[in-house]
Structure formats: structure tokens, C-alpha cells
Amino acid sequence: MSKYIEVKNLSVRYNGTPTLKNINFRIEHPSFLVIMGPNGAGKTTLLKAIMGLVPYEGDIRILGKAPKEARNFMGYMPQRDRINTNVPLRVRDVVLMPLLSRRKFGISREEVEQAKRALRFVGLEKLWNRNFLSLSGGQQQRVFLARTLAMDPQVIVLDEPFSATDVATKMKVVSLLHRLKSTKTIILVTHDINPLVECTDKVLLLNREMIAFGRTIEVITEENMELLYGARVPVIRQRDVCYLVGSDTHVHH
Amino acid sequence: MFTINIWVLRGIIAVFLIAIVAATVGSFSVFQRSTFFVSGIAHGSLAGAALGIYLTLYLFPVNPFFTAILFSIFFAVAIGIASHRKEDVDVAIGIMFSFSMSLAILFLAMIKEYASVAWGLIIGDLLLLSSEDIIWMLTTVLLILLFFLLFRRRLLFSIFDPDGAESMGINPYIYETLLFILIALGVVVLLKGVGAILVYALLIVPAAAAKRFTATLEGTLVLSFFISLIAGLGGILLSIFTSVAPSAYAGLIATFIYFLSLLKK
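Each value, and the rule that gives it
Residues numbered from 1 in each chain as written. Chains lettered and ligands numbered in written order. Predicted model: local features only at pLDDT ≥ 70, side-chain atom pairs only at ≥ 80, totals over all residues. Heavy atoms only, no water. Helix = DSSP H or I, 4+ residues; strand = E, 2+ residues; numbered from the N terminus. Rg over C-alpha atoms; globule rule 2.2 N^0.38 Å. Buried < 20%, exposed > 50% of the residue type's maximum accessible area, 1.4 Å probe, protein only. Contact = heavy atoms within 4.5 Å. Buried area = accessible area lost by both parts, 1.4 Å probe. Salt bridge = Lys/Arg side-chain N within 4 Å of Asp/Glu carboxyl O. Expected span 1.5 Å × (residues − 1). Bend = angle between axes of the 7 residues up to and from the residue. Polar contact = N/O pair within 3.5 Å; in protein donor to acceptor, adjacent residues only side chain to side chain. Pairing = 2+ DSSP bridges. pLDDT = per-residue confidence, 0-100. Phe/Tyr/Trp six-rings, centres within 6.5 Å; stacked < 30°, edge-to-face > 60°.

**A word on the overall build of chain B**
- Broken down by element type, chain B carries eleven helices and zero strands.
- Ordered by position in the sequence, the α and β elements of chain B form the string α-α-α-α-α-α-α-α-α-α-α.
- Computed over its C-alpha atoms, the radius of gyration of chain B comes to 18 Å, within 12% of the 18 Å expected for a compact globule of 265 residues.
- Its C-alpha atoms give chain B principal-axis dimensions of roughly 55 × 45 × 30 Å.
- For chain B, the proportion of its 265 residues judged to be buried stands at 55%.

In C-alpha cells, the structure reads:
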């Protein structure tokens, strides 16, 4: 099995209009990639292409496989604010949902154990029978991470996991991701890279096309930020770590 | 010896079938927030049933149940397509609503026994169901249950988390349309018994009340079934003594239970 996630000459069009143009990058497995860009930059489209959910031109290889063939070893963590809060579910219903959706009837004891292990990993095993909607936003976010892990994916894709979350939740999720990065590849879209600077291996700056790709310290520069957002965004450098200062970001430390 | 009138027996069977629809289709409609859709489809099925009655009276025999199903499914799929094309679903339902009501009035106006037929379709009558009606209702409910058993997990995933479902290769639009079709079938089951206006009372109100009483999926389904059952059976019982259509009482009982649920914090 190949040890890389590779994207070559990727372009995506919606109704004839290019949404992504000529994207090229390669990351090793396991590693941690952060994708940043302004609203409408095509970040979610790039994730969808990587998961084989939108038609694209070019080539995408996930550990040597085409995206649709790689679905079995990819896990997706949704944005919490895109969830329908009108469905009365327990935590276990949420964690087991992807496993159950693969079967018409029943579920194996091993799969239930797998789900419980994932919930234990995020520190919420005691909430197995709790009403999901009664949990705090941070706990819900961790349940979603457990749900993703219950599928035992090699590659984890996260779309704006920090949207509408407080600092404590952010740091808990980041520390969990930090523990995972030695065995899983994590691809994460965010506006706020600051909590992640210490665990990120590569950063991709995206605005319909690739602005920059590389190590965090090389990519997060004031010049690149200006290219990306069209406005000056101050960057603070501290030894080999850098932080952004902006309206939706804050200095870490 | 205790004997039961055949019309009452058919009414009780119909109430059981309606309760199954309320528990399954009704609950999922409430989860999906598709309750306005239920109202729209009820009027679509009214037009279909009116056409069936017109055809039977003047051209060739066709069961109004069948034409109601055809119309409802047509409207359900049309609204599903509109939703897929990112049209405003409420606007699409509203347009279908007015289109189908116009057709219903047109078809009913062409029937000489206009008033009684229209009244029957609008308020239904659980105590006037024929054996053929019960067979149609039973067949439709079995079809709903089959779809539900096979696809409930993916349907739930699509309703709860469309993005997550899509990432697993589950197309949420297909499952939304499937839910619309199940609602269409469910509405037709209720049409004959409680009429187009009160479909909402026995399909949506029990699930809406149940969701307030319990915080689990299974609890909501089971409680919706019993609320719908109590409302339907209560409606039949009161109707026997007062000669008012059972649907009126059933609607009132269901709504009363919903108001009770509001007392629960």
C-alpha cells in the first residue's frame, strides 16, 4: 500500500464554473494537514473531492487508491452546527450510526465494542446512554470524533471542527488529534490555525487555487496571508512556531 | 354474547394501521421538519382521490385510493427534485399545494354528488370504510413498513447528518425523496379514514407530542403509535354515541395530548 495522499492537477467545476483549479500536493501517511482559506475558497469542495463526493479532473490517490475505493478507510467528522437537532438520539445512537448504516439489520458485538473504545478514547464512555442533545457543545464535538474513530479510519477528514466552539473545547479536540497523528493522517479545514500550529505537519493555503503548501513555519507568512485574504494579517513568530493575529483568530499561549 | 359491528371493526383496524403510519412516517417527518410537506401532500392526494371518483362514476372503474397514491407520489417526487435543485422547498410545496387544490376543486365540481363526495374526502369517516378500503390501506402500510425496515438506518443518518451520510456514500437527496414518498403513501392511508384536513392531526401531532414526552428514538416511535391509537379509538367511541365524524374527535384528542405534552418541562 502506498504511504501517501497525493493530489495531482486537481480541478473541480460546478455548473461549468471552476471552483478549484490546478491543485497539487502530496503528504505522507501518517501526518497532519491543515487547509486554510477565506469563505468560498473551495476548502469544503477540496475535502469532498478527496472523499470522492464531487466529480473532478486530475488525479487523487489516497494510500494508492481512488477516493471512492478509499472510503472504507476514511472517516469524516461533520461541522456540529450542520447537524439536525430535531432528532432524539442517545450518544450510542450517534456513535453507532455509520456502523449501523452499513447493515440492514443487527450489529456485531465487536462493532459495539469498537464504538465503546472510541468513546473511551475521547473520555466520554460514561455518556453511552445519555441523550446526545443534552450534552455540551464540546462533548458533542468529541462524540463526533468518537463516531469517526469507531470506523477505525486511516485518514480522518474534519471540516471546520472549531466553528462555534469555545477555547476549552478547541484545546480538548486538538489534544485528541495530537494523540492520533502518530497513526492516522488528519486533514483538517479551519479558519483558526493557532491551536494547531504545534501538531500540524503541512499547511495548504487555498483560494480557488493553491496559494502555498509546505511546513507551517514556511507557509504562514504575512505575504502569504495577504495573498490569501487580500488584507494584511499580522503573524507572530516565536522560535520555530508562528501564530496569526486576526479577527477570528487569537494568539495562542 | 358481545358482538361488534363490521363497520366498527373495520374502523378499529384502520386506526391500528394509521397508528403504525404515525409511528414511522409521522415521527420521521417531524424529525426532518417536513410537516408542511405533509399538509401539501394531503391536498395532492385529495385531488387524486377526486379524480378517481370522477373516473369511476363517469368513465371506467378505478379505485380512488390508487389515483390518490399516484398523485401523492407525483407531488412528492416533484418536491424532492425541487429540493435537490436548491429551490426553496416551502415555496415548491406551496405551489404544489395550490395546484393540487385547484385540481381537486375542478374534479369535485365535475361530480354530480359534489357535496357528499367532497365532504367525505375532506373529513373522511373511519366508520364508513369498505373491505376494499381496508385491503388498500393494509397493502400500503405493509409497503411503508418494508421500506422503513430496509432503509430506516440510512434514512435516519441522512436526516440527522446529511454531510456525514454523504461521506459514507449515502446520497441524502435520494433518502429525502424516499421519505417524501413514504409520507405520500402514509397520507393516502390516512385520507380515507380522517380526511385531507385532519391527516395532519393523526400523522404529525402524535409524533410532535411523543417527542416532548421522551428523549429517545424508540420512545418517540412507540409513544407516537399509542397516541395515534388512543386518538383514533377515542374518536370512534365518541362518534358512535354522538353521530359526529370520528376524525373530529380523533383530531381533538391528539391535539389535547399535545397540549398536555407542553406541560412537561
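Now that the structure is up, let's keep going.
**Remarks on the interface of chain A and chain B**
- With 30 residues of chain A at the interface, the matching set in chain B holds 28 residues.
- Of the roughly 2,700 Å² buried between chain A and chain B on both sides combined, carbon and sulfur atoms contribute 57%.
- When the area that chain A buries against chain B is broken down by residue, the three leading residues are A:Asn86, A:Pro88 and A:Lys104, summing to 23%.
- In this assembly, chain A and chain B are joined by four salt bridges.
- For the salt bridge of B:Glu166 with A:Lys48, the shortest nitrogen-to-oxygen distance reads 3.8 Å.
- Listed by contribution, the elements that provide at least two residues to the side of chain A that touches chain B are helix 3 (91-101) and helix 5 (137-150) of chain A.

**Describing helix 8 (residues 172-203) of chain B**
Residue and element names in this part refer to chain B.
- The terminal C-alpha atoms of helix 8, which comprises 32 residues, lie only 23 Å apart, well short of the 46 Å expected from a rise of 1.5 Å per residue.
- Most pronounced at Val194, the bend in helix 8 amounts to some 115 degrees.
- Where burial is concerned, most of helix 8 is hidden: 25 out of the 32 residues are buried.
- Its side-chain oxygen at 3.0 Å from the backbone nitrogen of Tyr173, Asn171 defines the N-terminal cap of helix 8.

**With respect to the pairing of strand 9 (residues 209-214) of chain A**
All names here are of chain A.
- One ladder, built from five bridges, connects strand 8 (residues 202-207) with strand 9; its direction is antiparallel. In the sheet register, Leu204 faces strand 9, and the bridge partner there is Phe213.
- Hairpin connection from strand 8 to strand 9: one residue lie between these consecutive antiparallel strands, with Arg208 at a positive phi of about 70 degrees.

**A few points about the pattern of salt bridges**
- Considering all chains together, one arrives at 14 salt bridges over all chains under this definition.
- The salt bridge partner of A:Arg13 is A:Glu57, with a shortest N-O separation of 3.6 Å. Taken together, the residues A:Arg13 in strand 1 (residues 4-14) and A:Glu57 in strand 4 (residues 57-62) connect sequence positions 44 residues apart.
- Here A:Arg13 falls in the partly exposed class, since its relative accessible area comes to 46%.
- For the salt bridge of A:Asp201 with A:Lys181, the shortest nitrogen-to-oxygen distance reads 3.3 Å. Taken together, the residues span a long stretch of sequence, with A:Asp201 in the loop between strand 7 (185-189) and strand 8 and A:Lys181 in the loop between helix 6 (167-180) and strand 7 at a distance of 20 residues.
- Residue classification places A:Asp201 among the partly exposed residues on the basis of a relative accessible area of 28%.
- Among the ionic contacts, a cluster of salt bridges with common partners joins A:Arg90, A:Asp93 and B:Glu218.

**Topic: the confidence of the model for chain A**
All names here are of chain A.
- For chain A, per-residue confidence averages 85 on the pLDDT scale, and residues scoring 70 or more make up 93% of the total.
- For chain A, strand 11 (residues 241-244) is the element with the lowest average pLDDT, namely 64, and strand 4 is the one with the highest, namely 93.
- Throughout residues 247-253 the model reports pLDDT below 50, and contacts reaching past four residues in sequence, or to other chains, amount to 21 contacts.

**Things to note about the packing of aromatic side chains**
- The tally for this structure, following the rule as stated, stands at 20 aromatic pairs over all chains.
- On the basis of an interplanar angle of 35 degrees and a centroid distance of 6.3 Å, the ring pair of A:Phe144 and B:Phe160 is categorised as tilted. Of this pair, A:Phe144 sits in helix 5 while B:Phe160 sits in helix 6 (residues 131-160), on two different chains.
- Overall, the relative accessible area of 0% leaves A:Phe144 in the buried class.
- With a centroid separation of 6.1 Å and an interplanar angle of 85 degrees, the aromatic rings of B:Phe75 and B:Phe99 are classed as edge-to-face.

**Considerations on the pairing of strand 3 (residues 32-36) of chain A**
Residue and element names in this part refer to chain A.
- A large share of strand 3 lies buried, amounting to five of its five residues.
- Judged by which residues are buried, strand 3 turns out to be covered on both faces: Phe32, Val34 and Met36 on one side and Leu33 and Ile35 on the other are all buried.
- In this structure, strand 3 lies alongside strand 7, joined through four bridges in parallel fashion. Paired with Leu33 across the bridge in strand 7 is Ile187.
- Where strand 3 lies against strand 8, four bridges are found, and the strand directions are parallel. Looking at strand 8, one finds that Leu33 is bridged to Lys202.

**Overview of the environment of A:Arg130**
- You can see A:Arg130 is positioned in the loop between helix 4 (109-121) and helix 5.
- Taking the C-alpha atoms as reference points, A:Arg130 and A:Asp93, separated by 37 residues in sequence, lie 9.9 Å from one another.

**A few points about unusual backbone geometry**
Residues and elements named next belong to chain A.
- Cis geometry marks the peptide bond from His29 to Pro30, where omega comes out at -5 degrees.
- Looking at the element boundaries, Pro30 is found in the loop between strand 2 (17-28) and strand 3.
- One non-glycine residue with positive phi stands out, namely Glu160, at about 45 degrees.
- Take Glu160: it is sitting in the loop between strand 6 (155-159) and helix 6.
- In this structure Glu160 comes out as buried when scored by relative accessible area, which is 11%.

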